[in-house]
Amino acid sequence: MNKQTLYRLADATVAEALVDSWVAWPHTFSPVAYSLHLLNYQKKTLASYLQNPALHHKSSTNPKLLGGAFVNLPIDRVPAIQVLLENLESGHSDDLRLAQELIDFQNLLDKDALGQSLDNYYPTLPDSLRGYTELLYDYHSRPIVRCIESLFYRSRHYKKHLQSLRLFRQTHDRMRAYYMSTPRLPDADSIGWTLPFAQAELDALFQLDSQPQPLAFIRELLGLSAADDAKLLPLLTDQPPRPAANWQGPGTRIRYFGHASVLVEFNGIAILLDPFLSVQPSEGGISRYTFQDLPPKIDYVLITHGHHDHFVFETLLRIRHKVGCLVVPKASGIFYGDISLKLMAKELGFTQILEVEPLDTIALPQGEIVAIPFLGEHNDLPFAKSAYLVQAGDKQILFAADSNCLDKRMYENIRAQRGAIDVVFLGMEWVGAPLSWVYGPILPKLPDYKHCQSRRSNGSNADVAMALLQAVDSRQVYIYAIGREPWLQYFMALEPEADDVYIQEINKLLAACQSKGFTEAQRLYGKAELFLEG
């Protein structure tokens, strides 16, 4: 009797999460932010492309223009983009109206509300805002339209039927167009699967990474027939998955998966921070850890903040079935741009979600997780964010992500409470994007150019990084989260150079650490495996 062939997802297969043909990230998901992004970015970008598609396509290939609002599609896709724009304007007419009315009403309050009671403004609220908002003042009597995010997720503005996955084979690390500006159109080599992200069927698909199934099972799951095998089979492999088990060795094992993604394992516990995992392209690429290298159970996934490269839909959905608890920082609930990661995670199908504030703790066997204040990086806007201290046995490891040491005293206070911190993982993307880049489309009124340029999403440079290390009395530092890995280019819009300003600052810090006798100081890249005793 012939043994039935079993298949898993091939090592190069990507499952890209989309919302209405655009890459899913927090600003294309949370309803109010998405409505503003539709109005002020997606609609304008598509209209601009249709005016001059050749210029868009050419500009997309210019390394100096990476991250610009250019659609990276050839001229022959003009008809498809025309249809996409028409569908955006018709299918999202209510969202576009919400966005415009929110901007107009906030700007009206800015002019008219000078400290008097706001009660009389409720009857004047546009219909799109009525029943979903609260009118407030800050302590300086500046008015705020508070959008109640949980209500908007239960409104017509949350269109979960537009969520989908795009399955395709990644040939090389730089094949993907920039995530924000280029919609994903159907093509001959990809499979589209439309279903809400929270559906359990997604887990059945992604369990194929470790639990192969017959071809008939996969066809039925994706709603395909045998006629689709020419597309489906290149996305699968009959090679068995690599065996992966939770690490049970002594001390602590730390694996760097690229960018800000780090796996910490000790005492049978697995903790994964800011997961942004890569597949292995079919044409090769630098050495890396992939989904095949994750343990079968991840007890905690820790999210430092909701930037697109730290709260990564594509990875979170793919590993959801492995995750015990997702830990996210608490949002203020006042500003619509301060998106609730807890609400978002619920809509992504996570059931065990813990929202933390500074110094909240999670007890572990012979250790704990502590939420640590996170300063800087967000253009001086309120934002849900948290660094994390992982105590593993007698070792303390700080994952500071993109923190900027704007106030050394804060870290001195942490040291006073926790004692010396043994190891620090710190990002040093210290010349970040200006205010207008990510946040421009969602602000009711953009500050002038000079202020946008001064308000950058800066991490630490060499001097403030050293101040942080000295404040917590650390002698072991790893620089990470600087977007250098090639698979990050479509998300980070970086074209790294060996002597660019980031590397100069990092080298300056590493040299200073060496001169001060640090036990370890290095910049991580690609993959790394580290061990801590005790």
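How each quantity is defined
- Residues numbered from 1 in each chain as written.
- Predicted model: local features only at pLDDT ≥ 70, side-chain atom pairs only at ≥ 80, totals over all residues.
- Heavy atoms only, no water.
- Domains from an automatic or database assignment.
- Contact = heavy atoms within 4.5 Å.
- Buried area = accessible area lost by both parts, 1.4 Å probe.
- UniProt positions renumbered as here; feature names shortened; annotations may be inferred.
- Helix = DSSP H or I, 4+ residues; strand = E, 2+ residues; numbered from the N terminus.
- Disulfide = S-S within 2.5 Å.
- Buried < 20%, exposed > 50% of the residue type's maximum accessible area, 1.4 Å probe, protein only.
- Phe/Tyr/Trp six-rings, centres within 6.5 Å; stacked < 30°, edge-to-face > 60°.
- Lys NZ or Arg CZ within 6 Å of the ring centre and 35° of its normal.
- Salt bridge = Lys/Arg side-chain N within 4 Å of Asp/Glu carboxyl O.

- Where an unreviewed UniProt entry is consulted, the protein appears under the name MBL fold metallo-hydrolase, with the organism given as Methylovulum psychrotolerans.

Observations regarding the domain arrangement of the protein
Then, number 1: Domains assigned within the protein are domain 1 (6–10 + 161–237), domain 2 (21–154) and domain 3 (252–532).
Then, number 2: Summarising the inter-unit geometry, the C-alpha centres of domain 1 and domain 3 are found 29 Å apart.
Then, number 3: Contact residues are listed per partner, giving 23 residues for domain 1 and 31 residues for domain 3.
Then, number 4: Counting each side, the surface lost to burial between domain 1 and domain 3 is near 2,400 Å², with a carbon and sulfur contribution of 50%.

Focus: the UniProt feature "domain: Diiron non-heme beta-hydroxylase N-terminal" (unreviewed entry) in the protein
Then, number 1: On the UniProt side, "domain: Diiron non-heme beta-hydroxylase N-terminal" (unreviewed entry) is annotated at positions that read residues 8–240 here.
Then, number 2: Secondary structure over residues 8–240 splits into 37% helix and 15% strand, and the C-alpha atoms at its two ends are 8 Å apart.

Quick word on the state of the cysteines
Then, number 1: A full pass over the atoms with the stated rule returns 0 disulfides.
Then, number 2: Unpaired in terms of disulfides, Cys513 finds its nearest cysteine sulfur in Cys405, a separation of 13 Å.
Then, number 3: The exposure class of Cys513 is buried, given its relative accessible area of 0%.

Re the packing of aromatic side chains
Then, number 1: Scanning all chains against the criterion turns up 19 aromatic pairs.
Then, number 2: The interplanar angle of 70° and the centroid separation of 5.6 Å between the aromatic rings of Phe29 and Tyr158 together place this pair among those described as edge-to-face. Residue Phe29 is located in the loop between β3 (22–23) and α1 (31–51), and its partner Tyr158 is located in the loop between α5 (149–153) and β6 (163–169); the two are separated by 129 residues in the primary sequence. Side by side, Phe29 and Tyr158 carry an identical accessibility label, which is buried.
Then, number 3: Taken together, a centroid distance of 6.4 Å and an interplanar angle of 70° make the contact between Phe197 and Phe313 edge-to-face. Taken together, the residues Phe197 in the loop between β7 (191–194) and α6 (201–206) and Phe313 in helix α9 (residues 313–319) connect sequence positions 116 residues apart.
Then, number 4: A relative accessible area of 1% places Phe313 in the buried class.
Then, number 5: Pairwise contacts between aromatic rings join Trp25, Tyr178, Tyr179, Phe276, Tyr490 and Phe491 into one cluster.
Then, number 6: Geometry around Phe168 places Arg166 over its ring, the cationic atom sitting 4.2 Å from the centre.
Then, number 7: The ring centre of Tyr289 lies 4.4 Å from the NZ or CZ of Lys527, which sits over that ring.

A closer look at the pattern of salt bridges
Then, number 1: The tally for this structure, following the rule as stated, stands at 29 salt bridges.
Then, number 2: A salt bridge links Glu265 to Arg253, with the nearest nitrogen and oxygen atoms 2.7 Å apart. Placement of the pair is Glu265 in strand β11 (residues 261–266) and Arg253 in strand β10 (residues 252–258), with a sequence separation of 12 residues.
Then, number 3: With a relative accessible area of 2%, Glu265 lands in the buried category.
Then, number 4: One continuous salt-bridge network, built from bridges that share partners, spans Glu16, Arg166, Arg176, Arg184, Asp187 and Glu314.

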